[in-house]
Amino acid sequence: MPDYVIHLEALDVIMGLGIHPHERAAPQRVRIDVAMTCRYPAIPEDRIDAVVDYDFLREGIHALVASRHFELQEVLCEEIARLALRDRRVAEVRVRSAKQDVYPDARVGCEIIRSSAD
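This structure is a prediction, so every number in the text was calculated from the model and none was measured. Counting of residues starts from 1 at the beginning of each chain's written sequence and follows it residue by residue. The predicted origin of the model limits local features to residues at a pLDDT of at least 70 and limits the giving and counting of side-chain atom pairs to 80 or more, whereas totals for whole chains, interfaces and linings rest on all residues. Excluding hydrogens and water, the side-chain figures rest on all heavy atoms present in the structure.

Turning our eyes to something else, we now look at the layout of surface pockets. One number sums up the size of the largest pocket: a volume of about 230 Å³. Every residue lining the largest pocket is counted, 16 residues in all, and those nearest its centre are His20, Glu23, Lys99, Val102 and Val108. Ranked by residues supplied to the lining of the largest pocket, first place goes to strand β3 (residues 90-103) with three residues. The classification used treats Ala, Val, Leu, Ile, Met, Phe, Trp, Tyr, Cys and Pro as nonpolar, Asp, Glu, Lys and Arg as charged, and all other residues, Gly among them, as polar. Per-class residue counts for the lining of the largest pocket are seven nonpolar, five polar and four charged. Any residue with an atom within 4 Å of a point lines the site, the site being either a cavity, points on a 1 Å grid over the protein atoms alone where a 1.4 Å probe fits but cannot get out, or a pocket, an open set with protein on both sides within 12 Å along at least 5 of 7 lines. Grid points are joined across faces, edges and corners, and a volume is the space filled by probe spheres set on the points. Strands here are runs of E lasting at least two residues and helices are runs of H or I lasting at least four, both read from the DSSP assignment and numbered beginning at the N terminus.

So this is what it looks like as structure tokens:
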């Protein structure tokens, strides 16, 4: 079965994330990157319904970050991974988040890898 890695990169969202009072007071910029390893029974036909469409993931992430304040990036990444793995054709997902404005000279983030076998 062929594998394909579908990327959703540099999705910038404004969301509630963090444990500190200033992070709870106002939303902040967070960048999200997702790579889904998709497994198809054969080389897919040239039709969108033959592959995993990344629109569901982008829309799902926007809905997720609008739904609540997250304390930890680890939990945010886990929720995004669960969302991606809802499609049975996704064998593995790598999720990375990064707070863009915590420090003037660096971004801080988290990365996880989950598989459908987990």
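What follows covers the side chain of Lys99. Mapped onto the secondary structure, Lys99 falls in strand β3. Looking at Lys99, the relative accessible area reads 10%, which means it is buried. Working rule for contacts: check all heavy atoms of both residues, and any pair within 4.5 Å makes them a contact. Residue contacts for Lys99: discarding those within four places in its chain leaves Leu17, Gly18, Glu23, Gln28, Arg29, Gln73, Arg107 and Val108. Only protein chains enter the accessibility calculation, which uses a 1.4 Å probe; a residue whose area is less than 20% of its type maximum is buried, one above 50% is exposed, and one in between is partly exposed.

Turning next to the side chain of Gln100. Following the sequence through the fold, Gln100 ends up in strand β3. Assessed through its relative accessible area of 7%, Gln100 is described here as buried. Whenever two N or O atoms come within 3.5 Å, that pair is a polar contact, provided that in protein one can donate a hydrogen and the other can accept it, and provided that, for residues adjacent in sequence, both atoms are side-chain atoms. A distance of 2.7 Å separates polar atoms of two side chains, one belonging to Gln100 and the other to Arg107.

All right, on to the sheet that holds β3 then. By this definition, two strands are paired if DSSP reports at least two bridges between them. The antiparallel open sheet is built from four strands, whose spatial order is β1-β2-β3-β4. With one partner strand each, in any of the chains shown, β1 (3-15) and β4 (106-115) form the two edges of the open sheet. Here the average twist between neighbouring strands, direction ignored, is 15°. Of the strand pairs in this sheet, β3 and β4 are connected by nine bridges, and their pairing is antiparallel. Axis definition: a line fitted to C-alpha atoms, limited for helices to the stretch in contact. Angles are taken between N-to-C directions and run from 0 to 180 degrees.

This brings us to helix α3 (residues 73-84). For a helix, the expected span equals 1.5 Å multiplied by the number of residues minus one. End to end, α3 covers 17 Å across twelve residues, agreeing with the expected 16 Å (1.5 Å per residue, within 8%). Every buried residue of α3 is listed here: Gln73, Leu76, Cys77, Ile80, Ala81, Leu83 and Ala84. Taken down its axis, α3 places every buried residue within 155° of arc, on the same side. If you follow the buried residues of α3, they end up packed against β1, β2 (28-39), α2 (55-67), β3 and β4. Think of it as the arc spanned by the lines of direction from the helix axis to the C-beta atoms.

With that out of the way, let us pick up the pattern of salt bridges. Basic side-chain nitrogens of Lys or Arg form a salt bridge, by our definition, when they fall within 4 Å of a carboxyl oxygen of Asp or Glu. This model, assessed by the stated rule, comprises twelve salt bridges. Arg31 is the partner of Asp12 in a salt bridge, and the nearest nitrogen-oxygen pair spans 2.9 Å. Placement of Asp12 in strand β1 and of Arg31 in strand β2 is noted, with a sequence separation of 19 residues between them. The structure contains a network of salt bridges with shared partners spanning Glu45, Arg47 and Asp49.

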